[in-house]
Amino acid sequence: MRVMVTGATAPLGAALVRALLATNRVELVLAVGREREPALPSDPRLLYRAVDLTRRRALHDLVWGEARSRGVEVVVHGIQHRRARDRGARIHAQNVETTRELVLACTAHPTIRRLVYRSFAEIYAVHHLASNVFDEEAPLDFAPSSPQWLRDRVEADLWVCAHLGGPLQIAVLRCAEIFAPGTGSQLWDYLQSRICLRPLGFDPMVNVLSLDDAVAAFAAAMHGSATGVFNIPGCDTLPLSRAITESRRADVPVPGPLLAPLYGLRHSATGLDFRYDMNFQRFHFGGVLDGTRARVALGYVPRTHVSWPRPWWLVLVEQLGADQNTRR
Amino acid sequence: MMASTTFKRIVQEAAFFDEGYGFDVFGLHPRSLALSVAAARPIYESYFRVDSVGAEAIPREGPAILVANHAGVLPVDGAMLCLDVLRRTEPARIPRAIADHFVPRLPLVSTLFARLGVVNGTPANVRCLLDRGELIAIWPEGVAGPAKRFADRYRIQGWRVGFAELAIRYRAPVVPVAIIGAEESWPLLTKLRGTHVFGSPYLPIPASPIPLPAHYHLRYGMPHVLGHDSADASDPDLVASAALEVRYALERLIDDARRERRGVFR
């Protein structure tokens, strides 16, 4: 199989490229990113191209030029902007226009037969009337007050879904929040504080996905032939308070109305990306993906637990303990 | 002794879909439930002196639906029913009470209810529970039950049919349960309709500050298997008549239980 992976220098893309190269089922990986010198393994089956996919001509030339000449069959696409506070036309172009152009370019392509698109669990509408378990038919969040981060993801997801049933095989993977540094995870950022404030009286269930499981889901979707939308839940489903405890942080319930200004101040002081306004509903009502369809059609079952962030002193203690054991 | 046995039965024997951290996907935590059951034991045994007949009608396994009448300012009747099911099923089955949509908006209450197994009553949630073969408890009267006047006690106030559709689709037997005592225990004096605290439909003003020690009687009816096959769930007429069948059965149970009781507080 010959595969093109966009966003190959982001944590998920890089992990996927490594996983693909570790198997014999892939003849070629055409990795696409923005960095000139990416930290990817050297392998004769790996071709890296630095391309700005927000430029329509560059995207077209890549898909109809190199991808065609190399006989790429499957495209894995996921280059959404990660920082939740950024906004503007360029971000929109990266999140939506690129996806639109890529789908159009792949639809009538002579060699590309399959597109695997990375979408997000955050696009499901969370509120007190919504279910605690989201299947693929659950309503999406169309609130006009949502931040661009979310609106772009809903738009791109719908755009890809609109092409389901056409000549191009499409699998949309709506992934639970990938809980790892650098992935744009809001929960990861939230848990970086020593003191985690949460709404008083609410302790919703959250579900997080490990990078390994995300890679496994994409690999399963690439190699399979199932098309449609698939929820990709993670192995860890737990109350928010328990996630805070697992991360060795102080869990401080605070009256809800105080949280937005407090986290606004935190952002001003530290520059961290967590937005309470974006997570308001999720921190009250929660919601967990139903992965039945992915299990049946893709054979995906979450297996790997996430690594909870540890405070520096605990990491130091653990390392010292490990060193002593090694010396013995 | 009894309390520790119930604790053990709930924590160790009851079927529970642990997601890996001791909670299920809806937030149920069996240890919290077991502690609450132990704490509520004096209320169940001594205050309301719950007397229960026919709990053996509850299926031991597989999806099933308990359908009960509803009354009282707060859902004390629901709590007594759930306690009774936990104590009288062998092995213990954790009933998943289906709550109205405003409940998740209530601070503290929403979290407490989730830990005890209460689930927000959306179709997807209920489908998920039945898929897993759980026992659910539904009050088809909804808010209209607790909101009724004292003069209307033990008269069914409205009858949603969603439970019948689900019962047919999942081939889940429906067990009607008459709850006697809740109406007199905590009657409603009036309700402030313009006040919607945390999304509640009205603010209840009870006739007494705490529930009165009315004698609770629970009567379980025989299980009803509704419809002939799952496809019948799409037929609105069949669903409506199936729901009506359960309603009549429940009304008969209520009438019988009221005739048999010796008095409200005795």
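Treat the numbers as computed from the prediction; the structure is a model and nothing was measured.

Conventions adopted
- Residues numbered from 1 in each chain as written.
- Chains lettered and ligands numbered in written order.
- Predicted model: local features only at pLDDT ≥ 70, side-chain atom pairs only at ≥ 80, totals over all residues.
- Helix = DSSP H or I, 4+ residues; strand = E, 2+ residues; numbered from the N terminus.
- Rg over C-alpha atoms; globule rule 2.2 N^0.38 Å.
- Buried ≥ 20, exposed ≤ 12 C-beta atoms within 10 Å, placed from the backbone.
- Contact = placed C-beta atoms within 7 Å.
- Core = buried A, V, L, I, M, F, W, Y, C linked by C-beta atoms within 7 Å.
- Axes fitted to C-alpha atoms, helices over the stretch in contact; angles between N-to-C directions.
- Parallel < 35°, antiparallel > 145°, perpendicular 65-115°, else oblique.
- Nonpolar A, V, L, I, M, F, W, Y, C, P; charged D, E, K, R; others polar.
- Expected span 1.5 Å × (residues − 1).
- Bend = angle between axes of the 7 residues up to and from the residue.
- Pairing = 2+ DSSP bridges.
- pLDDT = per-residue confidence, 0-100.

Student: Quick one: what's the story with the overall build of chain B, residue by residue and with numbers?
Tutor: What chain B contains, in helices and strands, is nine helices and nine strands. Whereas a compact globule of 266 residues would reach a radius of gyration of roughly 18 Å, chain B reaches 18 Å, a difference of no more than 12%. Based on the C-alpha atoms only, the size of chain B along its principal axes is roughly 45 × 45 × 40 Å. Expressed as a percentage of the 266 residues in chain B, the buried residues total 42%. Partitioning the intrachain contacts of chain B with sequence separation of at least 6 by distance along the chain shows that 74% fall at a separation of at least 24.

Student: Got a sec to walk through the nonpolar core? Specific residues and values, please.
Tutor: All names here are of chain A. If you look at the biggest cluster of nonpolar residues, it comprises 169 residues, and the most contacted ones within it are Val-3, Leu-173 and Phe-218. In terms of residue count, the dominant contributor to this core is helix H6 (residues 211–223) (ten residues). Setting aside residues up to four positions removed in sequence, Leu-173 forms contacts with Val-116, Tyr-117, Arg-118, Ser-119, Ala-217, Phe-218, Ala-221, Phe-230 and Ile-232.

Student: Now, about the packing of helix H3 (residues 89–107) of chain A against helix H4 (residues 148–161) of chain A: what can you tell me, with residues and values included?
Tutor: Residue and element names in this part refer to chain A. In the contact formed by H3 and H4, the axes pass within 9 Å of each other and the chain directions differ by 5°. Looking at the two axes, H3 sits roughly parallel to H4. Counting all contacts with H3, which are made through Ile-91, His-92, Asn-95, Val-96, Thr-99, Arg-100 and Val-103, the residues of H4 involved are Gln-148, Asp-152, Arg-153, Glu-155, Ala-156, Trp-159 and Val-160. Grouping the constituent residues of the contact of H3 with H4 by class yields six nonpolar, four polar and four charged.

Student: Describe H3 of chain A, listing the residues and the values that go with them.
Tutor: All names here are of chain A. Here H3 is 19 residues long and its end C-alpha atoms lie 25 Å apart, about the 27 Å a rise of 1.5 Å per residue gives. In the structure, H3 departs most strongly from a straight axis at Glu-97, where the bend amounts to approximately 35°. If you check which residues of H3 are buried, you get Gln-94, Asn-95, Val-96, Glu-97, Thr-98, Thr-99, Glu-101, Leu-102, Val-103 and Cys-106. In this structure, the buried side of H3 is in contact with helix H2 (56–69), strand S4 (74–77), strand S5 (114–120) and H4.

Student: Before we move on, can you summarise H2 of chain A with the specific residues and values?
Tutor: All names here are of chain A. Its 14 residues give H2 an end-to-end C-alpha distance of 19 Å, which sits within 8% of 20 Å, the value for a rise of 1.5 Å per residue. Largest kink in H2: about 30°, centred on Leu-62. Of the residues making up H2, those classed as buried are Leu-59, Leu-62, Val-63 and Ala-67. On its buried face, H2 is in contact with strand S1 (2–6), strand S2 (28–33), strand S3 (46–50) and H3.

Student: Let's hear about the interface of chain B and chain A: which residues, and what values?
Tutor: Counting from both sides, the interface comprises 20 residues of chain B and, opposite them, 22 residues of chain A. Among the secondary structure elements, those contributing two or more residues to the side of chain B that touches chain A are helix H5 (109–115) and helix H6 (123–131) of chain B. A per-element tally of the side of chain B that touches chain A places H6 of chain B first, with three residues. Residue composition of the side of chain B that touches chain A, by class: nine nonpolar, nine polar and two charged.

Student: So what about the sheet that holds strand S8 (residues 177–178) of chain A? Which residues, and what values?
Tutor: Residue and element names in this part refer to chain A. Taken together, the three strands give an open sheet; going across it, the order is S8-S10-S12, and neighbouring strands pair in mixed fashion. Taken across any chain shown, the strands that pair with only one partner, and hence form the sheet edges, are S8 and strand S12 (236–239). Pairing of strand S10 (residues 205–209) with S12 involves four bridges; the strand directions are antiparallel. Paired with Met-205 across the bridge in S12 is Pro-239.

Student: For the confidence of the model for chain B, give the residues involved together with the corresponding values.
Tutor: A low pLDDT means the predicted coordinates there should not be read in detail. On average, residues of chain B carry a pLDDT of 91, and 98% of them reach 70 or more. Interface confidence in the predicted complex, given as ipTM, is 0.89; pTM for the same model is 0.91.

Student: An account of unusual backbone geometry is requested, with residue identities and associated values reported.
Tutor: In this chain, Glu-90 of chain B is followed by Pro-91 of chain B through a cis amide linkage whose omega measures -5°. Turning to its location among the elements, Pro-91 of chain B is positioned in the loop between helix H4 (76–88) and strand S3 (95–99). Phi at Arg-248 of chain A is positive, roughly 60°, even though this residue is not glycine. For Arg-248 of chain A, the position within the fold is in the loop between helix H7 (240–246) and strand S13 (250–254). On the neighbour-count criterion, Arg-248 of chain A (14 C-beta atoms within 10 Å) is partly exposed.

Student: Help me get a handle on the sheet that holds S5 of chain A, residues and values and all.
Tutor: Residues and elements named next belong to chain A. Pairing within the open sheet is parallel, and its seven strands lie in the order S3-S2-S1-S4-S5-S7-S11. The two strands at the open ends of the sheet, each matched to only one other strand, are S3 and strand S11 (228–232). Strand-to-strand twist in this sheet, taken as the mean axis angle between neighbours without regard to direction, amounts to 20°. Relative to S5, S4 is paired through four bridges, and the arrangement is parallel. Along S5, the bridge assignment pairs Val-76 with Val-116. Along the sheet, H2 contacts S1, S2 and S3; its crossing angle with S2, the most-contacted strand, is approximately 155°. Strand contacts of H6: S1, S4, S5, strand S7 (169–175) and S11, with the helix running at about 165° to S7, the strand carrying the most contacts.

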